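The residues making up each chain are set out below.
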Amino acid sequence: MKSGIVGIILSPLLIASTLAAVPHFPFTPRVLPHHTSRVKSYNDENNAKNALAYTLMQQRGGSTAAATTPNTASSNSNEDFTNTLPTFSDSDNEGHLEIAKKLKNRNARNLSRKMTHAGFGVFFACLNQFLPRSTFVPGMCFVTGFSLLVELLRYRKGFGWMNSVLHFFLGGALRKHEMEGKFTGSFYYFAGVTVSAYLFPQTAATMGICQLALADPSASYFGRKTRHIYWSRIENQLGGLGRNKGLLGFLGGALFCFPFNYRVFKIAKWGSKGIPGGDMSLVIVSLLLGVAGAFADLAVPTPALVMPKKVLGVPVLPFHVDDNFVVPIFSGWACTKIFDMVGWDQGLQLAKHIVMP
């Protein structure tokens with residue numbers, strides 16, 4: 001059963017990686033507009049030279065055949081050259097760039113993105129609670145694989161409409177760089193939820209997803225609100241760890257998660273024996289779990305670390321280290337360790353509706 005689930009998780013990534021490495025396949029990098037402009041300028045320059053040569057030959061009384069022969073050869077060579085560089089319409093090449101002009105960069109507050117981020121996190125956490133693991137994990141594998149396929153196709157010829165669809169549904173929740181050649185955060189979001197649900201017990205996975213929903217956007221919000229407090233900015237002091245993020249944002253994210261975590265654990269199904277360690281352990285677990293989620297967000301540097309274009313000469317997909325992937329996995333792992341530390345059962349069941357009895 002486990003090997004089958006692993007296969008489901010890895011198969012979309014392996015298939016996409018294989019297709020991306022196939023030459024002349026639609027997944028290979030597209031020709032950008034500046035390439036076609038080079039072809040045009042190349043043709044114009046050589047046509048002008050051939051026309052001048054033809055005029056000089058006529059003035060000197062030479063044979064026009066000699067002048068037309070180079071022109072023909074040049075025309076053929078130009079045709080061969082342009083055939084190796086397929087041209088696309090301007091709208092197909094630059095449609096996503098027009099959308100990017102309407103979007104905000106990562107330095108903007110972008111509350112709509114944060115609300116969307118939190119809403120999806122709570123939704124997936126609830127699904128993880130309501131659905132059996134044998135249903136939720138394969139379902140998330142399909143969603144993740146489909147998201148990866150969209151990311152690989154949407155910058156390619158004939159698939160520009162995907163960017164328009166994304167912009168129609170997500171609007172301002174998108175960031176500028178997500179329409180300038182980079183993957184959207186949704187792929188990493190789905191992948192993080194999938195891996196968390198597969199690796200950890202149900203409660204730990206659910207709480208890890210909840211930290212993704214709350215710690216990530218709240219830490220970003222508080223970090224931007226306090227970015228003028230220079231002593232709190234990390235910059236490069238910690239060897240790149242948390243580059244361009246802030247300690248006050250980290251603390252804000254951790255404290256923002258605390259009341260939610262406390263409420264969820266307070267109404268969990270403890271049975272007749274009650275909470276091991278009493279209310280003090282409840283406070284400790286709720287706070288430490290929020291710290292774990294905020295720390296995972298803090299640890300991911302900005303701008304993100306990006307995979308090289310090739311590894312051992314083999315083209316690889318443009319993956320990068322994304323907090324949407326790191327936060328739920330690290331938080332789920334931390335939840336299991338915190339439970340062990342305070343003596344809580346890993347099989348603890350949360351309330352039916354997580355925050356409501």
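Quantities reported herein were computed from a predicted structural model and do not represent experimental measurements.

What counts, and where the lines are drawn
- Per-chain numbering applies: the sequence of each chain, read as written, is numbered from 1 onward.
- With pLDDT at 70 or above as the cut-off, local features in this predicted model cover only qualifying residues; side-chain atom pairs require 80 or more to be listed or tallied, and sums for whole chains, interfaces and linings still use all residues.
- Calculated side-chain values reflect all of the structure's heavy atoms, with hydrogen atoms and water omitted.
- Residues forming no salt bridge and having over 30% relative accessible area are the ones grouped into patches, like charges within 9 Å of each other and nonpolar side chains (Val, Leu, Ile, Met, Phe, Trp, Tyr) within 5 Å.
- Each accessible area is a Shrake-Rupley estimate made with a 1.4 Å probe; only the visible protein chains count as cover when residues are assessed.
- By definition, a salt bridge exists where a carboxyl oxygen of Asp or Glu is found within 4 Å of a side-chain nitrogen of Lys or Arg.
- Think of it this way: any DSSP run of H or I at least four residues long counts as a helix, any run of E at least two long counts as a strand, and we number them from the N terminus.
- The length a helix should cover is 1.5 Å for every residue beyond the first.
- Burial classification: accessible surface area is computed with a 1.4 Å probe over protein chains only, and a residue below 20% of its type maximum counts as buried, one above 50% as exposed, and the rest as partly exposed.
- Contact definition: two residues touch when any of their heavy atoms are within 4.5 Å.
- By the criterion applied in these results, polar contacts are pairs of N or O atoms within 3.5 Å in which, for protein atoms, one can donate a hydrogen and the other can accept it, and in which residues neighboring in sequence qualify only through two side-chain atoms.
- Predictor confidence is given residue by residue as pLDDT, running from a minimum of 0 to a maximum of 100.

Re a nonpolar patch on the surface
Right, so step 1: A cluster of nonpolar side chains, contributed by Trp-161, Val-165, Phe-168, Phe-169 and Leu-170, occupies part of the molecular surface with about 590 Å² of accessible area.
Right, so step 2: Positionally, Leu-170 belongs in helix α7 (residues 161-170).

Quick word on helix α12 (residues 323-342)
An α-helical turn contains 3.6 residues, so a residue and the one three or four places further along point in the same direction.
Right, so step 1: Here α12 contains 20 residues, and its C-alpha end-to-end distance of 27 Å stays within 8% of the 28 Å for a straight helix at 1.5 Å per residue.
Right, so step 2: Within the sequence span of α12, burial applies to Asp-323, Asn-324, Val-327, Pro-328, Ile-329, Ser-331, Gly-332, Ala-334, Cys-335, Thr-336, Ile-338 and Phe-339.
Right, so step 3: In this structure, the buried side of α12 is in contact with α5 (111-130), α8 (185-199), α9 (202-225), α10 (247-266) and α11 (278-299).
Right, so step 4: With a side-chain oxygen lying 2.8 Å from the backbone nitrogen of Asn-324, the N-terminal cap of α12 falls on Asp-322.
Right, so step 5: In the segment just after α12, Gly-343 is the residue with positive phi, at about 80 degrees.

Quick notes on the confidence of the model for the protein chain
Right, so step 1: Chain-level statistics for the protein chain give a pLDDT mean of 76 and a share of 70% at 70 or above.
Right, so step 2: Within the protein chain, α12 carries the highest mean pLDDT (95), whereas helix α3 (residues 64-83) carries the lowest (42).
Right, so step 3: For the stretch residues 12-43, pLDDT sits under 50, and the model shows 46 contacts to residues farther than four places along the chain or on other chains.
Right, so step 4: The low-confidence segment residues 61-90 (pLDDT under 50) makes 29 contacts with residues lying over four places distant or belonging to another chain.

Description of the environment of Ser-218
Right, so step 1: Relative to the elements of secondary structure, Ser-218 occurs in helix α9.
Right, so step 2: Linking Ser-218 and Ala-294, residues 76 residues apart in sequence, is a C-alpha distance of 8.8 Å.
Right, so step 3: Not counting chain neighbours up to four residues away, the residues in contact with Ser-218 comprise Gly-253 and Phe-256.
Right, so step 4: Within polar-contact distance, the side chain of Ser-218 engages the backbone oxygen of Ala-215 at 3.2 Å.

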